[in-house]
Structures are given as structure tokens and as C-alpha cells.
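Spelled out, the chains give:
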Amino acid sequence: FHAQRKLRIVIQVNRSMLDDCGGDPASLCQALERYDGVMTDILLDMSGGCGEPFNFKHVAPIIQKLYLGTDDVAGFGNRCNIGVAGGIDHGKVVELKSLFQLFPNLSTDAEGRIRDVLIDKDEDGKVVKKTERLSELARYYLRNAFGIL
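So, how was this worked out
- Residues numbered from 1 in each chain as written.
- Predicted model: local features only at pLDDT ≥ 70, side-chain atom pairs only at ≥ 80, totals over all residues.
- Heavy atoms only, no water.
- Helix = DSSP H or I, 4+ residues; strand = E, 2+ residues; numbered from the N terminus.
- Buried < 20%, exposed > 50% of the residue type's maximum accessible area, 1.4 Å probe, protein only.
- Arc of directions from axis to C-beta.
- Contact = heavy atoms within 4.5 Å.
- Phe/Tyr/Trp six-rings, centres within 6.5 Å; stacked < 30°, edge-to-face > 60°.
- Pairing = 2+ DSSP bridges.
- Axes fitted to C-alpha atoms, helices over the stretch in contact; angles between N-to-C directions.
- Core = buried A, V, L, I, M, F, W, Y, C linked by side-chain atoms within 4.5 Å.
- Salt bridge = Lys/Arg side-chain N within 4 Å of Asp/Glu carboxyl O.

Another aspect to go through is the environment of Val94. Positionally, Val94 belongs in the loop between strand S3 (81-85) and helix H4 (97-102). According to the relative accessible area criterion, Val94 is partly exposed, its value standing at 38%.

Here is the structure:
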């Protein structure tokens, strides 16, 4: 979608935004409607960078409403890219299989749960260097993600 546009506008839907909509996926779709024509992507990220585990049962109905729409709002699946992130690791990505089958253009993102953080400290215990690198978990994530496609 929007391949000709150089600028991408991503609306990140987090727990707070969903709470503002009363936790109702249909109300969320109505709230997102105001960005139609401007946003190129919707990223559903309930963790919001806090490391909370991914909850498929909570996210699946939201993804379905975003793609298919409601009685009042047409689905966004044909209008923008939709992705899911937040707390997804090599095991949780497998839970997305049914959604990938229903919505082949769905994308996913993983970061915090597939990398290691190495911390170097001086003799006083003060952090002098923090290095992040992909771990073996990244390999498992990719193997599982490609295995479900």
C-alpha cells in the first residue's frame, strides 16, 4: 500500500489508546478513521516497549476488526499496512499463524525479546558500556516466523 509515497505515517495503537476507546475494537476503528488518507500503517503494540508478553487472545479480535471493519467503519486492510508488535518472541510468533492465514499482508515485529544486552561495569560497579546484540532467540524467531508462512 502507498508504495508511491516516500513518507510513511505510522499510527501506533497501544494499550492507552485502546483504553481510551473503552477497550472496544469497533470504537478503536472509529477513532482511527480520522487518520484515513494520512496514515500509511497501523502498528498494534499493546506492550508499548514495556516488555509485557504478547497476548494472542486479546490482540486477535482487534486485528480482525482493523482488517475487516465494523458496521460503521470500512476495514483498514485495503487502505493501509497493519502490523503487530509487543512482547512477541520465537514462541509467541507461532500463535499468529491463524491471523497470517486470514490476513496474508499482516506484518510482525520483534525486538526486545530476541536480543541480549551486555553490560560492562567499571570497578565501582558503574555502567561504562551497554551493548545490544541479536541472540540465538532471533534465529528461532525467524525460523518460526518463516515456518508459519
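Okay, back to it.
What follows concerns helix H2 (residues 25-32). Listed as buried for H2 are Pro25, Leu28, Cys29, Ala31 and Leu32. The buried residues of H2 all sit within an arc of 160° when viewed along its axis, so they share a single face. Of the surrounding secondary structure, the elements contacted by the buried residues of H2 are strand S1 (10-13), helix H1 (15-20), strand S2 (41-45) and helix H3 (56-68).

As a further point, take the packing of aromatic side chains. Within this structure, the stated rule accounts for one aromatic pair. A centroid spacing of 4.3 Å and a plane angle of 15° characterise the contact between Tyr67 and Phe103, whose relative ring orientation is stacked. Of the two residues, Tyr67 is situated in helix H3 and Phe103 in the loop between H4 and strand S4 (107-108); the sequence distance between them amounts to 36 residues. Overall, the relative accessible area of 11% leaves Tyr67 in the buried class.

In terms of burial, S2 is largely enclosed, as four of its five residues are buried. Note: S1 against S2, four bridges, orientation parallel. Directly across from Val10, in S2, lies its bridge partner Asp41. Both S2 and S3 contribute to a ladder of five bridges, which runs parallel. From the neighbouring strand, Asp41 faces S3, where its bridge partner is Asn81.

Further remarks concern the sheet that holds S2. Spatially, S1-S2-S3-S4 is the arrangement adopted by the four strands of the open sheet, whose pairing is parallel. One side of each edge strand has no neighbouring strand; the edge strands of this open sheet are S1 and S4. Along the sheet, H3 contacts S2 and S3; its crossing angle with S3, the most-contacted strand, is approximately 170°.

Next up on the list: the nonpolar core. Nonpolar side chains in soluble globular proteins tend to be buried together. Counting residues in hydrophobic clusters, the biggest one holds 32 residues, and the most contacted among them are Leu28, Leu32, Ile42, Ile63, Leu66 and Phe76. If you list the elements that add at least two residues to this core, you get S1, H1, H2, S2, H3, S3 and H4. Broken down by element, this core gets its largest block of residues, six residues, from H3.

Another aspect to go through is the pattern of salt bridges. Charged atoms that come close allow side chains of opposite charge to pair. Within this structure, the stated rule accounts for three salt bridges. Put simply, Asp41 and Arg8 hold a salt bridge, and the shortest N to O gap is 2.4 Å. Of this pair, Asp41 sits in strand S2 while Arg8 sits in the segment before S1, placing them 33 residues apart in sequence. On the accessibility criterion, Asp41 (8% relative accessible area) is buried. A salt bridge links Arg79 to Asp36; the shortest N-O distance between them is 3.1 Å. Of the two residues, Arg79 is situated in the loop between H3 and S3 and Asp36 in the loop between H2 and S2; the sequence distance between them amounts to 43 residues. Linked by salt bridges that have partners in common, Glu33, Asp36 and Arg79 make up one network.

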